[in-house]
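For reference, the chains in residue letters:
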Amino acid sequence: MKNIDSSTHVKGQSLYLDDIPLVAGTLFGAAFISPVAHGHIEQLYLAEAMQQPGVVRIFTHKDITGENQIGGIIPDEPLLAEHEVDFCGMPIAFVVATSDHAARAAVRKIKAAIEPLPVITDPRVAHAQGELIVPPRTFKLGAPELAWEHCEYVVEGSADTNGQEHLYIETQCAYAIPQENGELKIYSSTQSPTASQRTAARVLGVPMHQVEVDVIRLGGGFGGKEDQANAWVALCALAAYHLGKPVKYVLDRLEDMQMTGKRHPYSSDFKIGLDKDLNILAYEVDFYQNAGAAADLSPAIMERTLFHTTSTYFIPNVRATAYSCRTHLPPNTAFRGFGGPQAKFVMESAIAKVAEELGIDACVIQKKNLNKTGDEFPFGQKAVSEAHACWHKAESLYNVETLRQEVQRFNASNTLLKKGLSFMPICFGISFTNTSMNQARALVHVYYDGSVKVSTGAVEMGQGVNTKMLQVAAQVFSINPAKVRMQTTSTNRIANTSPSAASATADLNGKAVQLACLAIVERLKQVAAQELQAPETAIELKNEQVLLHGEETALDWKKLVTAAFLKRVSLSEHAHYATPEVHFDKKTEKGHPFAYHVYGTAITVATVDCVRGTYSVDAVKVVHDFGASMNPTIDRGQIEGGIVQGIGWMTLEELLYDQAGRLRSNTLSTYKIPDIYSVPQEIAIDALDTDTDNLAILRSKAVGEPPFMYGIGTYFALRNAIKAFNPASPLAFDAPLTPEKVLLGLYPPTGTGATNLHETSLSRVATS
Ligand code: MTE
Ligand code: HPA
Ligand code: MOS
């Protein structure tokens, strides 16, 4: 089934927040933000801005009637700065005017006298100064301290990954419309309608029932709207509530890039030990997470990093410690993979470093140490593993031996172009790591003409979740999908939702839809039994027909629904689902936090231009563990998108804050995202179809985040190509591997370990 949004998307008819027709009298907001990363606000000058044409009012923290607080996990983030600013881009005042243009013009007239304070941008510096968001946490398995002496090879190193701008096409936005009795209806582009509702209610000092948050769809979220959509909702709510007028705020791209947090940069130290047969015996790692100026989701992201310490491998002795470090950057936040990719990069760097020192191919170590069913993760859960199955299928399906020979032959016969090949196995845990968040609800109405409307807590952000929800309903009822329509995601219909995140949206909400539909089917079967004077067990609903002992009857779906209505049987159901089995004990750091893991293996071949430092990805070939995909077209789209986004993080996207904490890469001319020229020339996706039971909806495993991590393979393919040109290249494990860094890796400046070979390469280039 194709995505239900595809037709309106391509015709430009899909509605996003900014397409909602304006209510008469709508006002427009714009934020005045801190121009410095850390400082004390001495004076705020609003008078000139107030005189600007069209300005209605300027809100500051003094106008907040409830709590000036938007921190979700930890209450450490004011909505509007009070006396101190903690990052460049922190909102200080909110101007409301009769037009968008007037509001922004007035913002430019606001002045603030801010006494600067010292700025920290580096997580290791923050750590050294004791600036931690939460106490550090350590996951442990076996006895790593005792294991080192049994190791033949021990290697230490460090690895760094930079942040990443979400660059959803639709920027952050909110539109609050006053209703009667002090109630507000707020349209938002949020992954978490309930968190936005709660934040607005908290800031206004009103109960949650006074605020409805309604979401049509998002033009992308990628985690950037899991927590960070709340501020705009709260600002618009504040203004609309106090002015009694609708208020809308749509950030422009520059505002969005400056004001919002991004993927967390990490700086990590590792130590890895192997026995003489290349079994990894011990692994120790310290993760320094750059959290930014407030907690936001950092503690949860730090936790998911720890859960992915060993990636797809089994290591018997592990110690992993993570530090969430407070710096003066915008609070960093959720981004596809939620801390998992950062851990995987460190693990793969450790393996690559040992392999390079031993002069062997990393894949020998990778393959040897893949986890198996029954192996214990450092957090106590036992693996149900498809790691070997994916790896082996990829090896044979894509003729890896031939690929490898082609790369070798190419490298032997080319001096200025070099190819590299890498394997990237993934293993990603599905469930919110916070057990209580693994719940969802759905509301299903069957109208008496036989058509169906479904509401869930799921937010459509391009990942196709609404199509999947509709498929579940159509399948349980066994009716034409055209009979089913999805509703917007409203806190009035579905309460207390978890964010659409953790790749778990389809599982959680889909199971709730399934339960709701099954309950209605149960009642419909009772009605059919009465109508046909037959036992309920003999009745089946199939292809809009009512079957008795497998034979068609005079009853069809529509007649049955009408009959049920006339008998005053309920045709609506509100169902609740909570993932069974999951639990975790933070005191012992052990438990069973994930419903299941998603596996896969990517083989990447990339080519480096050793004159220019530029590169291209020849192919990414993936065997992916779908379980049994309920929508191969959508799932394939998720994998392609994830791979390209992962490649962007690993290669092109260079987020740059200066020492003063100002974002320098704040436009699309200074921040390069993947385009049509940077996508792999070939993406092959093949399924590892399995028939083992799992907790996924219709056994169709979660697919939103896991493929992002295939992109890490591109870093290592490029690294291998650079090493093919200059084996002594002192290239650090420092992503993104931009063309600039590639060039420095090919021709290291003297004094950084440049060798004769490097000089030979240089002269080779010079002569050719
Ligand atoms: N795909 C699109 N097109 N747009 C998005 O914003 N977000 C990703 C992923 N795929 C995203 C996407 C992230 S971060 C997550 S957690 C999942 O989708 C969320 O949706 P799911 O739980 O339905 O997979
Ligand atoms: N994943 C994604 N988002 C989240 C999580 C998680 O585990 N926990 C809280 N928000
Ligand atoms: Mo996704 S980072 O869990 O929104």
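Residues numbered from 1 in each chain as written. Chains lettered and ligands numbered in written order. Predicted model: local features only at pLDDT ≥ 70, side-chain atom pairs only at ≥ 80, totals over all residues. Heavy atoms only, no water.

- Going by the annotation in an unreviewed UniProt entry, the name recorded for the protein is Xanthine dehydrogenase molybdopterin binding subunit, with Hymenobacter cavernae given as the source organism.

Comments concerning the site of ligand 1
No. 1: Near ligand 1 there are 16 residues, and of these Gly-221, Phe-222, Met-461, Thr-505 and Gln-638 occur at the shortest range.
No. 2: One of the side-chain N or O atoms of Arg-336 is found 3.3 Å from a nitrogen atom in ligand 1.
No. 3: In this structure, Ser-503 approaches ligand 1 through a main-chain N or O atom, which is 3.5 Å from an oxygen atom.
No. 4: Considered on its own, ligand 1 offers 520 Å² of accessible surface; in the complex 91% of this is hidden by protein.
No. 5: Here the residues of the shell around ligand 1 are counted per class, giving five nonpolar, nine polar and two charged. (Near = heavy atom within 4 Å. Polar contact = N/O pair within 3.5 Å; in protein donor to acceptor, adjacent residues only side chain to side chain. Areas by Shrake-Rupley, 256 points an atom, 1.4 Å probe, with all protein chains shown as cover. Nonpolar A, V, L, I, M, F, W, Y, C, P; charged D, E, K, R; others polar.)

Observations concerning the UniProt feature "domain: Aldehyde oxidase/xanthine dehydrogenase a/b hammerhead" (unreviewed entry) in the protein
No. 1: Per the UniProt record, the feature "domain: Aldehyde oxidase/xanthine dehydrogenase a/b hammerhead" (unreviewed entry) sits at residues 11-118.
No. 2: Its end C-alpha atoms 51 Å apart, residues 11-118 is made of 11% helix and 31% strand. (UniProt positions renumbered as here; feature names shortened; annotations may be inferred. Helix = DSSP H or I, 4+ residues; strand = E, 2+ residues; numbered from the N terminus.)

Quick look at the pairing of strand S18 (residues 452-456)
No. 1: Where burial is concerned, most of S18 is hidden: four out of the five residues are buried.
No. 2: Note: strand S17 (residues 439-446) against S18, five bridges, orientation antiparallel. Opposite Leu-443, over in S18, you have Ser-455 as the bridge partner.
No. 3: Where S17 folds back onto S18 in an antiparallel hairpin, the turn is made up of five residues, including Gly-450, whose phi is positive at roughly 95 degrees.
No. 4: Relative to strand S19 (residues 484-486), S18 runs parallel, the two being bridged by three bridges. Bridge pairing in S19 links Val-454 to Met-486.
No. 5: In this view, the connection linking S18 to its parallel neighbour S19 by way of helix H14 (residues 465-477) has right-handed handedness. (Buried < 20%, exposed > 50% of the residue type's maximum accessible area, 1.4 Å probe, protein only. Pairing = 2+ DSSP bridges. Right-handed = clockwise from strand over helix to strand, strands pointing away.)

Focus: the side chain of Ser-729
No. 1: Turning to its location among the elements, Ser-729 is positioned in the loop between helix H18 (712-725) and strand S30 (733-735).
No. 2: Ser-729 gets classed as buried once you look at its relative accessible area, which sits at 3%.
No. 3: Setting aside its immediate chain neighbours within four residues, Ser-729 contacts Ile-722, Lys-723 and Gly-745. (Contact = heavy atoms within 4.5 Å.)

Details of the sheet that holds S17
Remark on secondary structure: sheet strands pair via backbone hydrogen bonds, oriented parallel or antiparallel.
No. 1: Reading across from one edge, S19-S18-S17-S24 is the order of the four strands in this open sheet, with mixed pairing throughout. Strands at the two margins of the open sheet, each flanked by one partner only, are S19 and strand S24 (572-578). Going from strand to strand, the sheet's axes swing by 20 degrees on average, the running direction of each strand aside.
No. 2: Running at roughly 140 degrees to S24, helix H15 (residues 505-532) makes contact with S17, S18 and S24 of the sheet. (Axes fitted to C-alpha atoms, helices over the stretch in contact; angles between N-to-C directions.)

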